[in-house]
Amino acid sequence: MQIIPYPDRSEWPALLARPTQSMANIEKAVAPILEQVQKEGDAALRALALKFDKIDLTEIAMPPATLAAAEASLTEELKAAIRQAYANIRKFHETQYQPVQKIETMSGVTCWRRSVGIEKVGLYIPGGSAPLFSTVLMLGVPAQLAGCKEIVLCTPSDHPAILYAAQLVGVTKIFRIGGAQAIAAMAYGTESVPKVYKIFGPGNQYVTAAKMLLAKEGVAIDMPAGPSEVAVYADGSAVPAFVAADLLSQAEHGADSQVLLVSTDKKFLASVNLTLSTQLEALPRKELARKAIENSKAILVEDEAEAIDLLNEYAAEHLILSVSNAEEISERIINAGSIFLGNYTPESCGDYASGTNHTLPTNGHARAYSGVSLDSFVKKITVQHITPEGLKALGPTVEAMAEAESLQAHKRAVSLRLSSLK
Ligand SMILES: NC(=O)c1ccc[n+]([C@@H]2O[C@H](COP(=O)([O-])OP(=O)(O)OC[C@H]3O[C@@H](n4cnc5c(N)ncnc54)[C@H](O)[C@@H]3O)[C@@H](O)[C@H]2O)c1
Ligand SMILES: N[C@H](CO)Cc1c[nH]c[nH+]1
Ligand SMILES: [Zn+2]
């Protein structure tokens, strides 16, 4: 990894830029795909599956026989692991339920908020270069907890673990389609794929661009969750081999992933680089990881304050704090998708099974977006009830404000009732 010693703050934006293609270029590739699916429906899905995934999609829905055979084809060990991850993710997301709280803002004026599951949701499960069945749990568990009635899943993979996890979380329909065309199918609906109200899930640049373009058309999406990334802030208490392994764990996702190492210790950066080269050679996905590492940087900073500023500017999807005062530093982080503290909290645990959600904002979007949670799958409907006494107390306030906004009908809706109470 290239070591950048003490960059000036003016150099940070260029240094911290992600290696993704420019949005304009990806949009040029993706917009015609969206249009094709909107116009031609299933026929477009078949043509695009052949073009991009080299699969002949006679059946767009996952065949029932493939679904039925999934469980039996997995080892007991893997099924137990998936069930453990499911239990932990469910336990963590259950704590996100918000009980109804009725608030009397004035005597006789009561307001509250009800969470209601979004009826029809679409989950995208990446499967281009690896079958990410863990993502089924990350999206399916909160959808299940929210009480979503129709849960549609699209994935280019027919890996049995995806199908097993889908059944565990109560997915109602599964389609073997990937990429931007899958996102378009769930947004517009086709003869086979139902239109949903909100689309969730991570994916490559094409998937993410499709979600962003559709969001411009008013389609609800979770967030931009593109190529994976991790930043590690490490001091002398960190173990170079652990840090290198964490960096490679996200680099192996794809050539367009990016990892960042930040430290005040020059020797430490060199040690990580050394062990990283050895570990890289042993990886089956070393060519993808190598490309991601070529786009990655090890940055030497003056002090802790500068490290924190730089990390907040980067707004990493994942941030590992391998420093002796990790929890204290974490309190000063304002931009990150998910934070991992200390030497024994590998980011992989959050990817699979600790309980937190791995669908997180990338490409700096952690400045404004949160990762997926139970909240993402519900709408909050406010409810209010005002008694006659409450209206007597609140009415004059509303009358005065409506008068000042020149909205007489608003005022009259109150005045008429107040007169009836005299
Ligand atoms: N941010 C997160 O929360 C998060 C979580 C998990 C995974 N990820 C990321 O998801 C991504 C998964 O990517 P993937 O490619 O393995 O799978 P994917 O399922 O996202 O994309 C595969 C699809 O891309 C389409 N495609 C491929 N080449 C294309 C082209 N030239 N033009 C148009 N479409 C094309 C194909 O139809 C294919 O089905 C990785 O980048 C990974 O880092 C992110
Ligand atoms: N690191 C990915 C999120 O960026 C999630 C994942 C799934 N499987 C392995 N990792
Ligand atoms: Zn990962």
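How each quantity is defined
Residues numbered from 1 in each chain as written. Chains lettered and ligands numbered in written order. Predicted model: local features only at pLDDT ≥ 70, side-chain atom pairs only at ≥ 80, totals over all residues. Heavy atoms only, no water. Near = heavy atom within 4 Å. Polar contact = N/O pair within 3.5 Å; in protein donor to acceptor, adjacent residues only side chain to side chain. Areas by Shrake-Rupley, 256 points an atom, 1.4 Å probe, with all protein chains shown as cover. 1 Å grid on protein atoms, 1.4 Å probe; cavity = no way out; pocket = protein on both sides within 12 Å on 5 of 7 lines; lining within 4 Å. Sits in = over half its atoms within 2 Å of the grid points. Helix = DSSP H or I, 4+ residues; strand = E, 2+ residues; numbered from the N terminus. Nonpolar A, V, L, I, M, F, W, Y, C, P; charged D, E, K, R; others polar. Points joined across faces, edges and corners; volume = space filled by probe spheres on them. Core = buried A, V, L, I, M, F, W, Y, C linked by side-chain atoms within 4.5 Å. Buried < 20%, exposed > 50% of the residue type's maximum accessible area, 1.4 Å probe, protein only. Contact = heavy atoms within 4.5 Å. Expected span 1.5 Å × (residues − 1). Bend = angle between axes of the 7 residues up to and from the residue. Lys, Arg positive; Asp, Glu negative; His and termini not counted. Salt bridge = Lys/Arg side-chain N within 4 Å of Asp/Glu carboxyl O. UniProt positions renumbered as here; feature names shortened; annotations may be inferred.

1. Description of the site of ligand 2
For step 1, the next point in the chain: Around ligand 2, the surrounding shell consists of Leu-132, Ser-134, Ser-228, Gln-250, His-253, Glu-317, His-318, Asp-351, Tyr-352 and His-358.
For step 2, the next point in the chain: One of the side-chain nitrogen or oxygen atoms of Ser-134 is found 3.4 Å away from a nitrogen atom of ligand 2.
For step 3, the next point in the chain: Contacts to ligand 2 include Gln-250, whose side-chain N or O atom sits 2.8 Å from a nitrogen atom.
For step 4, the next point in the chain: For ligand 2, whose free accessible area comes to 290 Å², the fraction covered by protein is 93%.
For step 5, the next point in the chain: Taken atom by atom, the bulk of ligand 2 overlaps the largest pocket.
For step 6, the next point in the chain: Elements supplying a minimum of two residues to the shell around ligand 2: strand S12 (316-322) and helix H15 (347-352).
For step 7, the next point in the chain: Split into classes, the residues belonging to the shell around ligand 2 amount to two nonpolar, six polar and two charged.

2. Quick look at empty space enclosed by the protein
For step 1, the next point in the chain: Tallied over the entire structure, the rule returns two cavities of 30 Å³ or more.
For step 2, the next point in the chain: What the largest cavity holds in volume is close to 50 Å³.
For step 3, the next point in the chain: Around the largest cavity, the lining residues are Val-239, Phe-242, Val-243, Asp-246, Ile-320, Ser-322, Gly-342, Asn-343, Thr-345 and Pro-346.
For step 4, the next point in the chain: Contributions of two or more residues to the lining of the largest cavity are made by helix H10 (240-251) and S12.
For step 5, the next point in the chain: Among the elements that take part in the lining of the largest cavity, H10 stands out by supplying three residues, more than any other.
For step 6, the next point in the chain: Among the residues forming the lining of the largest cavity, the class breakdown is five nonpolar, four polar and one charged.

3. Brief notes about the nonpolar core
For step 1, the next point in the chain: Counting residues in hydrophobic clusters, the biggest one holds 39 residues, and the most contacted among them are Val-121, Leu-123, Val-136, Leu-137, Leu-153, Val-171 and Phe-377.
For step 2, the next point in the chain: In contact with Val-121, other than residues within four places in its own chain, are Ala-143, Cys-148, Glu-150, Ile-151, Val-152, Val-196, Lys-198, Phe-200 and Phe-377.
For step 3, the next point in the chain: Judged by nonpolar contacts, the second largest core, of 34 residues, contains Val-37, Leu-57, Val-193 and Val-207.

4. Looking at helix H2 (residues 23-40)
For step 1, the next point in the chain: Between its first and last C-alpha atoms H2 spans 25 Å; for 18 residues at 1.5 Å apiece the expected length is 26 Å, and the two agree.
For step 2, the next point in the chain: Largest kink in H2: about 30°, centred on Ala-29, with the proline Pro-32 one to four residues after it.
For step 3, the next point in the chain: Listing the buried residues of H2 in full gives Ile-26, Glu-27, Val-30, Ile-33, Leu-34 and Val-37.
For step 4, the next point in the chain: Looking at the packing, one finds that the buried side of H2 touches helix H3 (42-53), helix H8 (179-188) and helix H9 (205-216).

5. Overview of the environment of Cys-154
For step 1, the next point in the chain: Note on placement: Cys-154 falls in strand S5 (residues 150-154).
For step 2, the next point in the chain: Taking relative accessible area as the criterion, Cys-154 reaches 0% and is therefore assigned buried.
For step 3, the next point in the chain: In this structure, the C-alpha to C-alpha distance between Cys-154 and Leu-213, residues 59 residues apart in sequence, is 18 Å.
For step 4, the next point in the chain: Once you skip the residues sitting within four places of it in the chain, Cys-154 turns out to touch Leu-123, Tyr-124, Ile-125, Phe-175, Ile-177, Ala-182 and Met-186.

6. What to know about the side chain of Lys-198
For step 1, the next point in the chain: Following the sequence through the fold, Lys-198 ends up in strand S7 (residues 198-200).
For step 2, the next point in the chain: With no salt bridge to any partner, buried Lys-198 finds its closest opposite charge in Asp-222, at an N-O distance of 7.2 Å.
For step 3, the next point in the chain: A polar contact of 2.8 Å, which involves the side chain of Lys-198, links it to the backbone oxygen of Ser-376.
For step 4, the next point in the chain: Those residues within four positions of Lys-198 in sequence are excluded, and the remaining contacts are Ile-118, Lys-120, Val-121, Gly-122, Ala-220, Ile-221, Asp-222 and Ser-376.

7. A word on the UniProt feature "binding site: NAD(+)" (unreviewed entry) in the protein chain
For step 1, the next point in the chain: Look at the UniProt record and you will see "binding site: NAD(+)" (unreviewed entry) annotated at Tyr-124, Gln-181 and Asn-204. These annotated residues cover 81 residues of sequence, but their C-alpha atoms sit close together, with the largest distance between any two at 12.6 Å. From this annotated list, the subset lining the largest pocket comprises Tyr-124, Gln-181 and Asn-204.
For step 2, the next point in the chain: Within the fold, Gln-181 resides in helix H8.
For step 3, the next point in the chain: Look past the residues within four positions of Gln-181 in its chain and what remains in contact with it is Ile-33, Val-37, Leu-45, Leu-48, Ala-49, Phe-52 and Asp-53.
For step 4, the next point in the chain: Separated by 3.1 Å, the side chain of Gln-181 and the backbone oxygen of Gly-178 make a polar contact.
For step 5, the next point in the chain: One can find Asn-204 in the loop between S7 and H9.
For step 6, the next point in the chain: Under the relative-accessibility criterion, Asn-204 is labelled partly exposed at 38%.

8. Some remarks on the UniProt feature "binding site: Zn(2+)" (unreviewed entry) in the protein chain
For step 1, the next point in the chain: In the UniProt entry, the feature "binding site: Zn(2+)" (unreviewed entry) is given for Gln-250, His-253, Asp-351 and His-410. With a sequence span of 161 residues, these residues are also far apart in the fold, their greatest C-alpha distance being 56.1 Å. The subset of the named residues that lines the largest pocket consists of Gln-250, His-253 and Asp-351.
For step 2, the next point in the chain: Secondary-structure assignment places Gln-250 in helix H10.
For step 3, the next point in the chain: Setting aside its immediate chain neighbours within four residues, Gln-250 contacts Ser-228, Glu-229, Val-230, Ser-257, Val-259, His-318, Glu-347 and Asp-351.

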